[in-house]
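Overview (structure and organization)
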Amino acid sequence: MLKFIVKLHPEIAIKSKSVRKRFTKLLENNIKIVLRRVDEKVQVRNNWDNISVVSLLESEQVRLDIIDGLKRIPGIVQFIEVTETDFESLDDIYQKAKELIGHTIEGKTFCVRCKRSGKHDFTSSDVERYVGGGLNQHVEGARVKLSHPEVTVRLEVRDEKAYIVTETHFGMAGFPLPTQEDVLSLMSGGFDSGVASYQMIRKGARTHFLFFNLGGAAHEIGVKQASYYIWKQFSSTHKVKFVTVDFEPVVAEILENIENSQMGVVLKRMMMRAGSQVAEKLGVQALVTGESIGQVSSQTLANLSVIDRVTETLIIRPLIQHDKQDIINIARKIGTAEMAESMPEYCGVISKKPTVKAKIKTILAEEAKFDFDVLNTVVENARVMDVRDIDTEAKQEVKEAESVSDLPKDAVVVDIRSPEEEDANPLELEGIEVIHLPFFRLATKFGDLPKDKEYYLYCAKGVMSQLQALILHEEGFSNVKVYRP
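By convention here, each chain's residues receive numbers from 1 onward along its written sequence. For a predicted model such as this one, the threshold for reporting local features is a pLDDT of at least 70, and the threshold for listing and counting side-chain atom pairs is 80 or more; totals across whole chains, interfaces and linings nevertheless cover every residue. Side-chain numbers here rest on the full set of heavy atoms in the structure, without hydrogens or water.

1. Focus on the overall build of the chain
- Secondary structure summary: the chain contains 18 helices and 19 strands in total.
- Overall, the C-alpha framework of the chain stretches about 85 × 65 × 40 Å when taken along its three principal axes.
- Partly exposed describes any residue whose relative accessible area lies between the buried limit of under 20% and the exposed limit of over 50%, with all areas from a 1.4 Å probe on protein chains only and scaled to the type maximum. Classification of the 485 residues of the chain by burial places 51% in the buried group.
- A residue counts as positive if it is Lys or Arg and as negative if it is Asp or Glu; His and the chain ends are not included. Note that the charge is assigned to NZ on lysines, CZ on arginines, CG on aspartates and CD on glutamates. Across the chain, the 64 positively charged side chains and the 71 negatively charged ones have centroids separated by 7 Å. Helix and strand definitions here come from DSSP, where helices need a minimum of 4 consecutive H or I residues and strands a minimum of 2 consecutive E residues; each element is numbered from the N-terminal end.

Here it is, written out as structure tokens:
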């Protein structure tokens, strides 16, 4: 039997009784939805201050899948893995504890903490002294230390059963979905928008995705994959929408009519106008962006103030004070960094000397030259789809980018990892030619390779190589496949 005790995020515990009851009920339901994909008979019970999870399936793979699922459910701050055992004496409890956790305290200071309920001829302190004394005597290098030990051995005795905590795992924390109102996240596929979307999901907001397409089919495929990944990993308990707006006509109108230095701010205002209209159609009350103060010229306080005035819709910027490296670190932690690194940059408009202190009067004067029928048309033609359909659509689209695990003798493998990754773990294939061409050089260098060979792109997880293969197909290179060993 596999058993886990789920601890609530502390902010849930301090809510009023009615709010806490609603939050924990939502969390209980979300855990059931996720874990029933692993074990359809999993038992999930709400115990007010914690939630217990029990599976009668004892395979290691089921255990790992349950742990992975719990780590990706908003509202769980941590969960402990528990082994249940029968006992007749204190020595039985000690022997089982030594078997299960003795290796974790070798050469370390430790203490034993026990909770007890039921009728017994011993107290919690008796359990702590007996088990602690035995471990201290028989585990090499282990030493009892009651104040600030390196390891705390946790036990619970309930009637005829003893429960031994074997491992503690940490979750996302935050609030369960959907304890907050829905939001619409502006997705570019880069580091910032992906992390901003994750942060809003973590706070319990069902997060829909809005993509302003500036870079054609390849860019849309990449952003769809990134959005689907974030939804699948962290919010698959609830349905959300993915919306695509073809923004190239808007960019063309800006390039033709708006003064060069004001183009960046005007573009952002057009995006917020369009986003507000889409949000209203979906019944969503807030937009989410990955903007951070000072990161680029349009993100100064003066410019953000002018951008915000274009709409009454709430604009949320969860990364507003984050440094870029902080954002990249979070992206690596949640698994979106590789996709973000491979995503082409489409800034839409490039100003030679972009304003960092936009004036509302100046911006309004420039926007008077803009044909708003163009904006209204692209919003009217926005494509709305269920995020779950992205996977089916992607499988159809990626048939061109065939993946293989066995290479033909004349194959040329193109290692597209960054130089740092390649140096740390070189790819060596006996009898197969391997060339190193980082993903960020493919656009300019791939065309220089001989045209009469078949090329197999390789990266660590296969995500970046699949996206880059699609981009190369889009550019007319049909001799590209993906190598996934």
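2. Details of the sheet that holds strand 16 (residues 412-415)
- Here, strands pair whenever DSSP counts at least two bridges between them. Spatially, five strands are ordered 15-19-18-16-17 in an open sheet, and the strand pairing comes out parallel. Single-partner strands in this sheet number two, and they are strand 15 (403-404) and strand 17 (433-436).
- Pairing analysis gives three bridges linking strand 18 (residues 455-458) to strand 19 (residues 480-483), with the strands arranged parallel. Bridging across to strand 19, Y455 finds its partner in V480.

3. Side note on the packing of helix 8 (residues 248-257) against helix 9 (residues 263-282)
- All axes are obtained by fitting lines to C-alpha atoms, using only the stretch in contact for helices, and the reported angles, taken between N-to-C directions, cover 0 to 180 degrees. Orientation of helix 8 relative to helix 9, taken along the N-to-C sense of each, is 150°, at an axis distance of 10 Å. In this structure, the crossing between helix 8 and helix 9 has a hand that is right-handed. From helix 8, V250, V251, I254 and L255 reach across to helix 9, where they touch M263, V266, L267 and M270.
- When its residues are assigned to classes, the contact of helix 8 with helix 9 shows eight nonpolar, no polar and no charged. With the far helix as reference, a near helix turned anticlockwise by less than a right angle produces a left-handed crossing, and one turned clockwise produces a right-handed crossing. We call two residues in contact when some of their heavy atoms are within 4.5 Å. When residues are grouped by polarity, Ala, Val, Leu, Ile, Met, Phe, Trp, Tyr, Cys and Pro land in nonpolar, Asp, Glu, Lys and Arg in charged, and all others, Gly among them, in polar.

4. Let's talk about the nonpolar core
- Put simply, buried Ala, Val, Leu, Ile, Met, Phe, Trp, Tyr and Cys residues joined by side-chain atoms within 4.5 Å make one nonpolar core. In terms of nonpolar packing, the biggest core is built from 39 residues, with F191, F209, F234 and F242 touching the most fellow members.
- Elements with a minimum of two residues in this core: helix 6 (191-202), strand 10 (205-213), helix 7 (216-234), strand 12 (286-288), helix 11 (324-334), helix 12 (337-342) and helix 18 (463-474).
- With seven residues, helix 7 is the largest single contributor of residues to this core.
- The residues touching F234, leaving out its near neighbours within four places in the chain, are R72, P74, M172, L177, Y198, I201 and I334.
- By size, the runner-up hydrophobic cluster in this structure holds 35 residues, among which are L210, A274, I307 and V378.

5. Here we look at the UniProt feature "domain: THUMP" (unreviewed entry) in the chain
- UniProt positions are given in the numbering used here, feature names are shortened, and annotations may be inferred rather than shown by experiment. As annotated in UniProt, the feature "domain: THUMP" (unreviewed entry) corresponds to residues 64-168 in the numbering used here.
- With 33% helix and 36% strand, residues 64-168 has its two end C-alpha atoms placed 13 Å apart.

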